[in-house]
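Examining the three-dimensional arrangement
In case you want the letters, here they are:
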Amino acid sequence: MSSGLAITSFMPSIVSSGIFSSRRANSGADALSETNPFVAAMNMDIAGGQVLNAAKGVSAIAKESTNALAAGFTSAEESIKAIAKGDKVLNGVGKVLNFTSNYINPLIMATGAVKVLTADDKKEAAIRETLGLGTMFTAEAAAKRIIGMPVIKKIDGKRVAVAREALYKRNPFVEKQVSALKDYCATKTFFNKSLKFLPGMLKGIGFVCASIGGYKLGTVLADAIIGDKD
């Protein structure tokens, strides 16, 4: 895989994971302020796993590059791994975050379940969490198919991005516009930096917007059923 192809493949995951980690950390802080330490801890753990996923994507791109910065990043990554192996606490934290990074969605559902179990009004919380997460995951699944979000897998110990056929390509006009954007970014620079990353970044942002929109839809539906308590 070339450096350019690696950027195209992993950039959506890097961008979406980075944005989601920030939002999840904020949710953890909110839960802590609401004196719900269990949900707060779970949200912070998920945020850490999402940061790790973003870092894994950056590392995958760096390993396909030959410039000095990429070599330095890879060297630093190996140094951190070596330090973690020699420290029981860091090694334990690393294992937890690595597990979390591989099972983000199941842990999000588990966090929702704990939120319901610790709520004063469990029925209301159950309706809100079920609708919010249900529409969110549905929107995410649709977005992945429409924009062709690559599937990140670990094969033979190496992190790889498996291409997914984008449904937008079935529309000749949309496909033509997207191809034109990709061609433009492949040949242009901004402050002497290639714009090859831009299409992947936009794809990641689009996925985030679909996720947030899906959750908001679930919230609206919940309000329609049980009323807005704010």
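Another point: the nonpolar core. With nine residues, the main nonpolar core is built from Ala6, Ile7, Phe10, Met11, Ile14, Val15, Ala60, Ile61 and Ala161. The biggest single contributor to this core is helix α1 (residues 3–33), with six residues. Formed by seven residues, the second largest nonpolar core is a distinct cluster that contains Leu107, Ile108, Leu133 and Met136.

Right, let's talk about the packing of helix α6 (residues 122–147) against helix α8 (residues 197–226) for a bit. Their axes nearest at 7 Å, the elements α6 and α8 cross at an angle of 150°. In terms of orientation, α6 lies roughly antiparallel with respect to α8. Crossing angle aside, the handedness with which α6 passes α8 is right-handed. Its residues assigned to classes, the contact of α6 with α8 shows 15 nonpolar, six polar and seven charged.

This brings us to a nonpolar patch on the surface. Together, Ile19, Leu181, Leu202 and Ile205 make up a nonpolar patch on the protein surface, roughly 280 Å² of accessible area in all. Taking the relative accessible area as the measure of exposure, Leu181 reaches 34% and is therefore partly exposed.

Attention shifts here to α6. With 26 residues, α6 extends 37 Å between its outermost C-alpha atoms, agreeing within 8% with the 38 Å of an ideal straight helix rising 1.5 Å per residue. Within the sequence span of α6, burial applies to Glu124, Ala125, Glu129, Gly132, Leu133, Thr135, Met136, Phe137, Glu140, Ala143 and Ile147. Among the residues trailing α6, Gly148 stands out with phi positive, at a value near 75°.

Definitions and limits used
Residues numbered from 1 in each chain as written. Predicted model: local features only at pLDDT ≥ 70, side-chain atom pairs only at ≥ 80, totals over all residues. Heavy atoms only, no water. Core = buried A, V, L, I, M, F, W, Y, C linked by side-chain atoms within 4.5 Å. Buried < 20%, exposed > 50% of the residue type's maximum accessible area, 1.4 Å probe, protein only. Helix = DSSP H or I, 4+ residues; strand = E, 2+ residues; numbered from the N terminus. Axes fitted to C-alpha atoms, helices over the stretch in contact; angles between N-to-C directions. Parallel < 35°, antiparallel > 145°, perpendicular 65-115°, else oblique. Left-handed = near helix turned anticlockwise from the far one by under 90°. Nonpolar A, V, L, I, M, F, W, Y, C, P; charged D, E, K, R; others polar. Patch = residues over 30% accessible without salt bridge, like charges linked within 9 Å, V, L, I, M, F, W, Y side chains within 5 Å. Areas by Shrake-Rupley, 256 points an atom, 1.4 Å probe, with all protein chains shown as cover. Salt bridge = Lys/Arg side-chain N within 4 Å of Asp/Glu carboxyl O. Expected span 1.5 Å × (residues − 1).

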